[in-house]
Structures are given as structure tokens and as C-alpha cells.
Amino acid sequence: MTTQLKEPVGLWSHPAVITANNFVHKSLSNWSLNIAIGCSHGCRFCYVPSSSTIKQADRLKEYGVQDPDAEWGGYVLLRPWDEDKFLASLAAAERTPLAQLNFDGNRAVMLCTTTDPYQVFRHSNAARSKELTQQALTMMSRALELIRDNSTLNVRIMTRSPLARQHFALFKTFGHRLLFGMSLPTLRNDLAKVYEPQAPAPSQRLQTLLAAKTAGLNVYVAMAPTYPECDEADLRATLTAIKMVKPLTIFHEPINIRADNVDRIAAYGRALGVKLNTQVFDTRESWRDYSLESLQTVVRVSSELKISNQLHLWPDKKLGSQWVVESMPKPDQYVTWLKRRWERVSEWPRTSAA
Ligand code: SF4
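Just so it is clear, the structure is predicted and the values come from calculations on it, not from any experiment. (Residues numbered from 1 in each chain as written. Predicted model: local features only at pLDDT ≥ 70, side-chain atom pairs only at ≥ 80, totals over all residues. Heavy atoms only, no water.)

Trainee: I tried to follow the site of the ligand on my own but got confused; where do I start?
Mentor: Close to the ligand lie Cys39, His41, Gly42, Cys43, Cys46, Trp72, Thr115 and Arg160, which account for all nearby residues. Class assignment of the residues belonging to the shell around the ligand gives a composition of four nonpolar, three polar and one charged. (Near = heavy atom within 4 Å. Nonpolar A, V, L, I, M, F, W, Y, C, P; charged D, E, K, R; others polar.)

This is how it looks when you write it as C-alpha cells:
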């Protein structure tokens with residue numbers, strides 16, 4: 001007897017609840033609320049399939065997903081809503097003693113960390129697609145209302161999608177308790193189409209960030225991850241645009257190597273017939289050079305643009321490996337520089353935006 005496979009775009013078995021997260025050196029949040037398994041944006045570099053979704057590999061087989069990493073972007077399963085379970089998870093987060101929390105999380109819940117909270121669910125049936133997308137939006141607004149009214153927790157929104165505009169009025173009701181942010185690694189729509197094939201274009205994201213600022217929201221930007229093709233001119237153009245948004249924080253990191261993400265990037269470039277600078281990932285030394293050069297260029301350009309106070313770098317933990325430290329001309333100074341970045345606590349507003 002053959003088992004009927006479920007659709008890879010549809011509903012997941014377990015409801016959306018708030019869970020503790022474990023960011024290393026990122027200072028983003030203490031908790032996550034993830035509304036789905038998988039992500040329709042399908043970013044080629046994404047760290048999520050290898051770090052998180054892979055744990056659901058057996059269950060994903062029921063949906064016809066054989067390799068959660070290689071098939072990333074091809075499946076997205078919305079978590080169902082169970083208000084009692086959500087409220088129980090919210091209450092548990094709320095009563096967690098400060099001493100038990102990572103010092104840099106700002107007592108915030110991040111929506112989302114392993115998927116995008118504002119995405120289109122692309123089902124083969126247009127009506128089902130619309131229904132799932134609307135269901136996700138409804139879940140987001142209900143979850144946000146409950147967090148606002150039943151806790152003192154902060155909220156960090158992170159998305160690549162202008163669909164978030166639908167909730168600007170709701171975000172505003174949080175005052176200083178909510179930060180709205182988008183990922184904007186480049187302004188080049190053509191390049192983003194290669195690395196983030198199904199995500200909304202950077203031009204749309206910039207417009208959304210500007211609209212958020214105009215709406216009076218506290219805004220941050222994740223210039224992350226920048227690609228090997230992002231040269232100084234590209235980084236400068238992106239930082240100049242980000243400056244217009246007047247963000248509280250600008251996070252930055254280049255692409256880090258995680259499991260099969262480099263293979264995913266290279267395979268997609270080949271399929272499109274686009275030559276990518278994936279040689280920077282060929283050896284640990286070439287990756288170190290690409291990573292440090294990106295970080296240092298962003299530091300220098302930010303200083304020239306007078307936005308260095310907002311800049312919050314995310315150097316990968318592998319940049320602290322002994323072999324990297326020993327390869328530096330001044331190892332002690334380098335370690336001090338790294339630690340300062342890793343220990344930085346990201347800004348949280350004390351008041352509502354003007
Ligand atoms: S939007 Fe985020 S979670 Fe979704 S694929 Fe891109 S990087 Fe991964």
C-alpha cells in the first residue's frame with residue numbers, strides 16, 4: 001500500500017509557539033516565533049535548512065520533501081494556530097527570570113528566525129495560495145496582539161517582504177516595544193534575483209523601509225548577508241540608501257559557509273548561466289579574506305557616511321578560530337576587535353519613534 005503524500009505547500013502538524021532561541025553573537029532576540037517550516041523566498045545562502053529544518057527531515061518526507069537542504073524554497077508549511085498553546089508559551093517567556101536570558105537579547109521575541117513572517121504561500125491552486133497567505137497574516141496579527149496585551153516582551157520583526165505594510169498600524173501600537181527591520185544586502189535587483197530568487201526585489205524593500213520610517217516605526221536594517229559580488233561601489237550604494245532610512249541599527253555580515261549552502265549557490269548560478277564569485281568559498285583562507293574585506297569595507301564606508309555608530313557587525317564565530325587569529329599581523333588587537341563586535345548589545349529604543 002502506498003502512502004498519499006501531503007502537499008509541500010500547506011499546513012504543518014505543530015502549532016506556532018514562542019520558543020527560546022540561541023543566537024551566537026548576534027544580539028537579535030531571546031525568543032523566536034516561527035509561523036512556518038520552510039520559506040518560500042528560497043534564499044540560496046540560507047543557514048536555516050542545515051541548522052534548523054534538517055531536524056524535521058523525517059516528518060518532511062510525509063510531504064514529499066526528500067532533502068530539506070537541496071529542496072529549500074520548494075516547501076513551506078504554515079503552522080496551525082492554537083491560542084491556548086500560544087498563550088502558554090507566551091506566559092512561560094514572560095516569567096523567565098532575567099538571569100536566565102542571554103544578556104544581548106533585549107527581552108525580545110523575533111518574528112521570524114527560521115522563515116519569513118510575511119511571505120506568499122505559492123500553492124499550485126491560486127485559491128489555496130491566497131487562503132494560506134491570508135491565514136499567515138491573520139496568525140501574525142493575532143500573535144502580535146496577544147504579545148502586546150498579555151506580556152511586557154519586546155518584538156523584533158525581520159522580513160524581506162512589503163506585505164508587512166499591512167501591519168504597520170498594528171506595529172505602531174507597540175510604541176518603543178517593537179522594532180521593524182528588513183534585510184537589504186544590495187540595491188541590485190538582478191543580483192538579488194540570483195541569491196534570493198523568490199524574495200521581493202531590494203527596490204521594493206527600500207521603499208518599504210522608507211514607508212515604515214514615515215509611518216513612525218523604529219526601524220533597523222540587516223545588510224545581510226552581502227554577496228561576494230558586492231564590491232565597494234555596491235556596498236557604498238547600499239549604505240547610502242540605508243542612511244536615508246535613519247535606522248537605529250545596521251547589522252552587517254557577508255555569507256558564511258554552512259553545510260551545503262555554497263553548493264546551493266553554485267548550482268543555482270550554473271542553472272541560470274550566471275558566473276558567480278563562488279571561488280571565495282573554495283578554501284578557508286579565501287573565505288577569511290572575503291569575509292574580513294567585506295566587514296572592513298563596510299566599516300570604512302560607514303565611517304565616511306557618518307553612520308558608524310549605527311553599524312553592528314556580525315563577524316562569524318569561525319573568524320575567531322585559532323588559525324585565523326594566528327594568521328593576523330597583530331593577533332591580540334584582532335581578538336580585541338572581534339570580541340568587541342561579538343559582545344555588542346544592539347540598541348533598543350526607550351521611546352516611540354517621532
Ligand atoms: S527569507 Fe530568511 S529564512 Fe527565508 S530563505 Fe531567505 S534567509 Fe532563509
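So much for the structure itself; the text now carries on.
Trainee: How should I be thinking about the sheet that holds strand β9 (residues 218-226) in this particular structure?
Mentor: Sheet strands pair by backbone hydrogen bonding; their relative direction is either parallel or antiparallel. Here we have eight strands laid out as an open sheet, ordered β2-β3-β6-β7-β8-β9-β10-β11, and mixed in their pairing. Two strands close off the open sheet at either side, each with one partner strand: β2 (18-20) and β11 (311-313). Each adjacent strand pair in this sheet contributes to an overall mean axis angle of 25°, direction not counted. In this sheet, strand β6 (residues 108-111) lies alongside strand β3 (residues 31-33) in parallel orientation, the contact comprising two bridges. Along β6, the bridge assignment pairs tryptophan 31 with valine 109. Most of the contacts of helix α3 (residues 83-94) go to β2, to which it runs at about 35°, and overall it touches β2 and β3. Packing against the sheet, helix α10 (residues 284-304) makes contact with β9, β10 (250-254) and β11, and its axis sits at approximately 150° to β10. (Pairing = 2+ DSSP bridges. Helix = DSSP H or I, 4+ residues; strand = E, 2+ residues; numbered from the N terminus. Axes fitted to C-alpha atoms, helices over the stretch in contact; angles between N-to-C directions. Contact = heavy atoms within 4.5 Å.)

Trainee: Is there a simple way to explain the sheet that holds strand β4 (residues 36-38) in this structure?
Mentor: Strand order in the open sheet formed by three strands is β1-β5-β4, and the pairing between neighbours is mixed. Since the sheet does not close on itself, it has two edges, and those belong to β1 (9-11) and β4, each with one partner. Going from strand to strand, the sheet's axes swing by 15° on average, the running direction of each strand aside. Direction of pairing for β4 relative to strand β5 (residues 76-78): antiparallel, over a ladder of three bridges. Within the sheet, the bridge partner assigned to isoleucine 37 lies in β5 and is leucine 77. Most of the contacts of helix α4 (residues 126-150) go to β1, to which it runs at about 50°, and overall it touches β1 and β5.

Trainee: How should the pairing of strand β7 (residues 154-159) be read in this particular structure?
Mentor: Regular strands have side chains that alternate between both faces of the sheet. Across the six residues of β7, six count as buried, placing the element largely inside the fold. The alternating pattern of β7 places Asn154, Arg156 and Met158 and Val155, Ile157 and Thr159 on opposite faces, both of which are buried. What joins β6 to β7 is α4, and the crossover it makes is right-handed. As paired strands, β7 and strand β8 (residues 178-183) are joined by five bridges and run parallel to one another. Within the sheet, the bridge partner assigned to threonine 159 lies in β8 and is methionine 182. (Buried < 20%, exposed > 50% of the residue type's maximum accessible area, 1.4 Å probe, protein only. Right-handed = clockwise from strand over helix to strand, strands pointing away.)

Trainee: What's the story with the pattern of salt bridges in this structure? I'm lost.
Mentor: On inspection of all chains with the given rule, the structure shows 20 salt bridges. Glutamate 62 is the partner of lysine 6 in a salt bridge, and the nearest nitrogen-oxygen pair spans 3.2 Å. Here glutamate 62 lies in the loop between α2 (57-61) and β5 and lysine 6 lies in the segment before β1, a separation of 56 residues in the sequence. The residue glutamate 83 makes a salt bridge to arginine 142 at a minimum N-O spacing of 2.7 Å. On the criterion of sequence distance, the pair formed by glutamate 83 in helix α3 and arginine 142 in helix α4 is long-range, its members being 59 residues apart. By relative accessible area, which is 26% here, glutamate 83 ends up partly exposed. Its relative accessible area of 31% is what places arginine 142 among the partly exposed residues. (Salt bridge = Lys/Arg side-chain N within 4 Å of Asp/Glu carboxyl O.)

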